[in-house]
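These are the residues of each chain, in order.
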Amino acid sequence: MLSECKVAYLDFLKDKKESHRLFSLVYIDNDDIPELYLSGVSEAEGDMICSFKNGVVVYQYLSRIGGGKYVEKSGNIINQNGHMGQYYDNVYKLDENGFSEALNARHIERYKDIGDGSGRVNTYYEYFIDGAAVSEAEYNNAVNVAFDFSNAISFYDNVVSYEKIVEQLGGDNSVG
């Protein structure tokens, strides 16, 4: 099964050399088959985590780059990221059927003129879980219940180049 996984990952990686720059093998779910992490060359490309399930590579995009963490062998992934006042904490679960979203949480940074003619603003935040408005405390509680930060590992911790990941998978760098 592991060799079948490695062949599938090598095939999956063939067209990713230009769009992704960093890679690693990690253990997210509770089996002996590693998952494959890919970090995009830009924020727009984003990150991706792949798993070998039922004979095929399945994947979950992680918007933007650098915000992904996982708890080894737990099946849990979080992507904490955002841009220009829109931020999110999305938790995903990996099980024998593939990836599913366990929590969709986002918060928005807003500004309101203080009204004294100075142009100064007050900053405030709005919090949402699955699209429903919640308090900051409810938001933080939901995120902390959904993901165990005390055991979190960044996907960036052990990244390698394209050539090195191909080597780790037992592939031939001279082709592709």
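Residues numbered from 1 in each chain as written. Predicted model: local features only at pLDDT ≥ 70, side-chain atom pairs only at ≥ 80, totals over all residues. Heavy atoms only, no water.

Here we take up the overall build of the chain. Assigned secondary structure in the chain consists of three helices and 11 strands. Across its three principal directions, the C-alpha atoms of the chain cover 65 × 30 × 25 Å. The 176 residues of the chain split such that 41% are buried. Carbon and sulfur atoms make up 46% of the accessible area of the chain, which totals about 9400 Å². (Helix = DSSP H or I, 4+ residues; strand = E, 2+ residues; numbered from the N terminus. Buried < 20%, exposed > 50% of the residue type's maximum accessible area, 1.4 Å probe, protein only. Areas by Shrake-Rupley, 256 points an atom, 1.4 Å probe, with all protein chains shown as cover.)

A word on the sheet that holds strand β3 (residues 47–53). Taking strand neighbours across the sheet as the criterion, the four strands line up as β1-β2-β3-β4 in an open arrangement whose pairing is antiparallel. For this open sheet the edge positions go to β1 (20–26) and β4 (56–62), each flanked by a neighbour on one side alone. Across the sheet, the mean angle separating the axes of adjacent strands is 20 degrees when strand polarity is ignored. Two strands pair when backbone bridges link them, and β3 and β4 are joined in this way by seven bridges, in the antiparallel orientation. Note that in β4 the partner of K53 across the bridge is V56. (Pairing = 2+ DSSP bridges. Axes fitted to C-alpha atoms, helices over the stretch in contact; angles between N-to-C directions.)

When glycine is set aside, most residues are seen to have a negative phi, and most peptide bonds are trans. Positive phi, normally seen in glycine, also occurs at N54, with a value near 55 degrees. Among the secondary structure elements, N54 is positioned in the loop between β3 and β4. Residue N54 is classed as exposed on the basis of its relative accessible area, which comes to 71%. Backbone geometry at D130 places phi at a positive 50 degrees, although glycine is not the residue there. Tracing the sequence through the fold places D130 in the loop between β9 (121–129) and β10 (132–134).

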